[in-house]
Amino acid sequence: MARRKLIAGNWKMNCLSADGQALAAGLAAKMKAAGAARFDMAICPPFPLLSTVLAAVAGSAIAVGGQDCHAKEKGAFTGDTSAWMLKDLGCAYVIVGHSERRTYHKESDADIKAKAQAALAAGLKPIVCIGETLEERDAGQTLEVNRRQLHGSLPDGTTADKVVIAYEPVWAIGTGRTATPAQAQEVHAMIRAELVGRLGDGEGNALRILYGGSMNPGNAAELLAQTDIDGGLIGGAALKVDDFWTLAEHSPR
Ligand code: PGA
């Protein structure tokens, strides 16, 4: 099954407006010059930069996403942003359940599922993140932890065109320590089998599973060549136009 790669940049809490504008505009220029790229690209800047970035990529094939959303549509939730607000601005995606949210904001699988559910209701595609810690990997719990997070976090009504999954081993995020292609593929294959079991052959085989964790222009080709790796969720290497573009160009033909 040929799944089109999705290369998604997670800027995290980086960039002031001038940097964000330049980064987004630089990528939009590359995308336009490339004509029909063979991969999909999305960038997820911090909330204050969304409008600037949306304007900078307007008319290019680059999609924009938020890095989190609240589970409710509106109300007394100071400091929060709803999926409907992101949609209203022009976003197409929202990351939910990133391990930094799971850790620093104590988000549970149930919280993440509720956020993903809100994203679907608002018409956004949630990028649902799962991944084990080093402790869990060392204890031989990698597959079990990811299976539990997957089923606990996936929204009802998941279909291949509406939801993306990102497997991000926590020990590989921002550490320069990437999962080997075989380690990543092992988890992706488990996720694929679970998706097929849950959604059936057609949807389960069509849903995209991204890898994230120190993906860079040097290791992307090998990771993106794995059977069940359908793209990347990229942090550090998404902050430079040339790095991110070169990485994306490693998507197989
Ligand atoms: P990294 O981050 O590429 O800097 O490891 C990936 C992520 O956390 O999404």
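See above for the structure.
A quick note: this is a predicted structure, and the numbers were derived from the prediction, not measured. (Residues numbered from 1 in each chain as written. Predicted model: local features only at pLDDT ≥ 70, side-chain atom pairs only at ≥ 80, totals over all residues. Heavy atoms only, no water.)

A.B. asks: Where do I start with the pattern of salt bridges in this structure?
C.D. replies: Under the counting rule described, the total for this entry stands at 16 salt bridges. Between D156 and K113 there is a salt bridge whose closest N-O contact spans 3.2 Å. Here K113 lies in helix α5 (residues 109-122) and D156 lies in the loop between α7 (142-153) and β6 (164-167), a separation of 43 residues in the sequence. Each of R3, R192, D228 and D230 takes part in one network of salt bridges that share partners. (Salt bridge = Lys/Arg side-chain N within 4 Å of Asp/Glu carboxyl O. Helix = DSSP H or I, 4+ residues; strand = E, 2+ residues; numbered from the N terminus.)

A.B. asks: What is the right way to look at the packing of helix α1 (residues 17-34) against helix α2 (residues 50-57) in this model?
C.D. replies: Between two packed helices, both the angle of their axes relative to each other and the distance between the axes serve to describe the pair. Running from amino to carboxyl end, α1 crosses α2 at an angle of 25°, the nearest separation of the two axes being 8 Å. Classified by the angle between their axes, α1 and α2 sit roughly parallel to one another. Relative to α2, the crossing made by α1 is right-handed. On α2, the residues touching S17, G20, Q21, A24, A25 and A28 of α1 are T52, V53, A56 and V57. (Axes fitted to C-alpha atoms, helices over the stretch in contact; angles between N-to-C directions. Parallel < 35°, antiparallel > 145°, perpendicular 65-115°, else oblique. Left-handed = near helix turned anticlockwise from the far one by under 90°. Contact = heavy atoms within 4.5 Å.)

A.B. asks: How should I be thinking about α2 in this particular structure?
C.D. replies: Every α-helix carries 3.6 residues per turn, so stepping three or four residues along brings you back to the same face. All buried positions along α2 are accounted for by L50, V53, L54, A56 and V57. Taken around the axis of α2, the buried residues stretch over an arc of 165°, which confines them to a single face. Looking at the buried positions of α2, the neighbouring elements they touch are α1, β2 (40-44), β3 (63-66) and α3 (83-89). Phi turns positive, to about 85°, at G59, one or two residues after α2. (Buried < 20%, exposed > 50% of the residue type's maximum accessible area, 1.4 Å probe, protein only. Arc of directions from axis to C-beta.)

A.B. asks: What exactly am I supposed to notice about the site of the ligand here?
C.D. replies: The environment of the ligand is made up of 13 residues, and the closest members are K12, H98, E168, G174 and S214. The separation between an oxygen atom of the ligand and a polar main-chain atom of G235 is 2.9 Å. Taking G236, its main chain carries an N or O atom lying 2.9 Å from an oxygen atom of the ligand. Of the residues that constitute the shell around the ligand, the class distribution is four nonpolar, seven polar and two charged. (Near = heavy atom within 4 Å. Polar contact = N/O pair within 3.5 Å; in protein donor to acceptor, adjacent residues only side chain to side chain. Nonpolar A, V, L, I, M, F, W, Y, C, P; charged D, E, K, R; others polar.)

A.B. asks: Got a minute to help me understand the state of the cysteines in this structure?
C.D. replies: Here a disulfide denotes a covalent bond joining the sulfur atom of one cysteine to the sulfur atom of another. With the rule as written, the count across this model stands at zero disulfides. Of all cysteine sulfurs in the structure, the one in C91 sits closest to C44, which takes part in no disulfide; the separation is 8.0 Å. In this structure C91 comes out as buried when scored by relative accessible area, which is 2%. (Disulfide = S-S within 2.5 Å.)

A.B. asks: Help me understand the packing of aromatic side chains in this model?
C.D. replies: Think of a pair of aromatic rings as described by two things: how far the centres are apart, and how the planes are tilted against each other in angle. Overall, the coordinates contain two aromatic pairs when judged by the stated rule. Pairing F39 with W245 gives two aromatic rings, centres 5.4 Å apart and planes at 70°, and the pair type is edge-to-face. Pair noted here: F39 is in the loop between α1 and β2 and W245 is in helix α11 (residues 241-249), with a separation of 206 residues, a long-range link. Assigned by exposure class, F39 and W245 land together as buried. (Phe/Tyr/Trp six-rings, centres within 6.5 Å; stacked < 30°, edge-to-face > 60°.)

A.B. asks: What is the right way to read α1 from this model?
C.D. replies: End to end, α1 covers 26 Å across 18 residues, agreeing with the expected 26 Å (1.5 Å per residue, within 8%). All buried positions along α1 are accounted for by G20, L23, A24, L27, A28 and M31. End-on, the buried residues of α1 take up no more than an arc of 130°, which puts them together on one face. Within α1, the exposed residues directed more than 90 degrees away from the buried face are A18, K32 and A33. Looking at the buried side of α1, the elements it contacts are β2, α2 and α11. Immediately beyond the C-terminal end of α1, within one or two residues, lies G35, with a positive phi of roughly 70°. (Expected span 1.5 Å × (residues − 1).)

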